[in-house]
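Structural overview
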Amino acid sequence: MKSLSFPSLRNHVSSLIMGSDFFAPETFDEVCRVLDGYVAIGGNTIDTAFIYSGGKSEQAIGMWMEERKNRDQINVWTKGAHPNQDGSRVNHAAIYEELMISLERLRTDRTDLYALHRDDPSVPVGVILEALNEHVEAGRIGIFGASNWTTTRLEEANHYAKEHGLRGFSFSSPNLSLAKAIEPYWQDCISIDEESLSWYEHSQLPILSWSAQSRGFFTGRYTPEDRSNADLVRVFYNDANWERYRRAEQLGVEKGYTTIQIALAYVLNQPFSSGAIIGPRNDEELKSCLEATKLVLTPEEIRWLDLRS
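Predicted, not measured: the structure shown is a model, and the values here were computed from it. (Residues numbered from 1 in each chain as written. Predicted model: local features only at pLDDT ≥ 70, side-chain atom pairs only at ≥ 80, totals over all residues. Heavy atoms only, no water.)

**Examining empty space enclosed by the protein**
Under the counting rule described, the total for this entry stands at two cavities of 30 Å³ or more. Estimates place the volume of the largest cavity at around 50 Å³. Every residue along the wall of the largest cavity is listed here: Met18, Arg33, Val34, Gly37, Pro280, Arg281, Asn282, Asp283 and Leu286. Mapped by element, the contributors of at least two residues to the lining of the largest cavity are helix H1 (28-40) and helix H10 (283-293). Sort the elements by how many residues they give to the lining of the largest cavity and H1 lands first, with three residues. (1 Å grid on protein atoms, 1.4 Å probe; cavity = no way out; pocket = protein on both sides within 12 Å on 5 of 7 lines; lining within 4 Å. Points joined across faces, edges and corners; volume = space filled by probe spheres on them. Helix = DSSP H or I, 4+ residues; strand = E, 2+ residues; numbered from the N terminus.)

**A look at the pattern of salt bridges**
Using the criterion set out here, one finds 25 salt bridges in the structure. Across the salt bridge formed by aspartate 72 and arginine 10, the nearest N and O atoms sit 3.4 Å from each other. Of this pair, aspartate 72 sits in the loop between helix H2 (56-68) and strand S5 (75-80) while arginine 10 is found in the loop between strand S1 (3-4) and strand S2 (13-14), placing the two residues 62 residues apart along the sequence. Classification of aspartate 72 as partly exposed rests on a relative accessible area of 41%. Classification of arginine 10 as exposed rests on a relative accessible area of 53%. Note that glutamate 301 and lysine 255 form a salt bridge whose closest N and O atoms lie 3.1 Å from each other. With glutamate 301 in helix H11 (residues 299-305) and lysine 255 in helix H8 (residues 239-255), the pair connects residues that are 46 residues apart, well separated along the chain. Under the relative-accessibility criterion, lysine 255 is labelled partly exposed at 31%. One connected set of salt bridges, linked through shared partners, spans Arg10, Arg71, Asp72, Asp109, Arg110 and Asp112. (Salt bridge = Lys/Arg side-chain N within 4 Å of Asp/Glu carboxyl O. Buried < 20%, exposed > 50% of the residue type's maximum accessible area, 1.4 Å probe, protein only.)

**Describing the layout of surface pockets**
Each pocket or cavity is described by its volume, and for the largest pocket that value is around 1,100 Å³. Considering the residues around the largest pocket, the lining is formed by 44 residues, among which Ser211, Arg215, Ile277, Ile278 and Gly279 are closest to the centre. Looking at the lining of the largest pocket, the elements with two or more residues in it are S5, helix H9 (259-268), strand S10 (274-278) and H10. For the lining of the largest pocket, the element with the most residues is H10, which contributes four residues. Taken together, the residues of the lining of the largest pocket break down into 16 nonpolar, 19 polar and nine charged. (Nonpolar A, V, L, I, M, F, W, Y, C, P; charged D, E, K, R; others polar.)

Here's what the structure looks like:
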């Protein structure tokens, strides 16, 4: 499997990253089946978060790593500082509190990748970077990134880091997918558009995308007439995205791949380093994702799929 390399990590990051928002100790047999299958195809990076399943996702991953005795072969990626009922959690104390709880749940002393789950633009980037750098220096975080940050804030943060001799963000985790979001799937979420794509190409900041397969839009289960999935309709149903679907379907027929494999390959063939969070629940879906990593799309094909040519 293709991978991304980060100088501060002992392991490369596999281009397919296993999502875990449905993991829990109560379904540990399923967790083991999913993660064992994922590792068997060459995957090594698991995405989780302080809030996933109310903390149970991290607990289940910790149980699995302890049982399999494979902690050093696995990249753990957790996220914190998601707002709660009291408001923003993007501050020094909250980041520390949540990270320490996450590490305890994960049964480890470090998270290889860490990301702020949301931004709070009212907090100066310097305050945030100084807090994160403390955890890097203490060995609790390998590298850190930002989930759902605008390119403006990312640029401001990494400029501050450079000017003050600090580590900056090593990656970003917005929604990058072939279907373009009409509105945020969840509040304050960031999806990549043409303008921000140009910024990533220029900056070369890697993207580790959530909802890389547009939450099932390209599976073939939906049509413009089928409006049964209200969230999918709200976020992705417009003429431009159905044209992208038709082009992905056409290119898939030409290359011998399914439409959803073309959509995943689109994410993995950007002119900058990119990875995709996936959520396969069975061997067939896992195999489909793996096959998509072998597909090379040309810059011209990427632009055509994107309706830019």
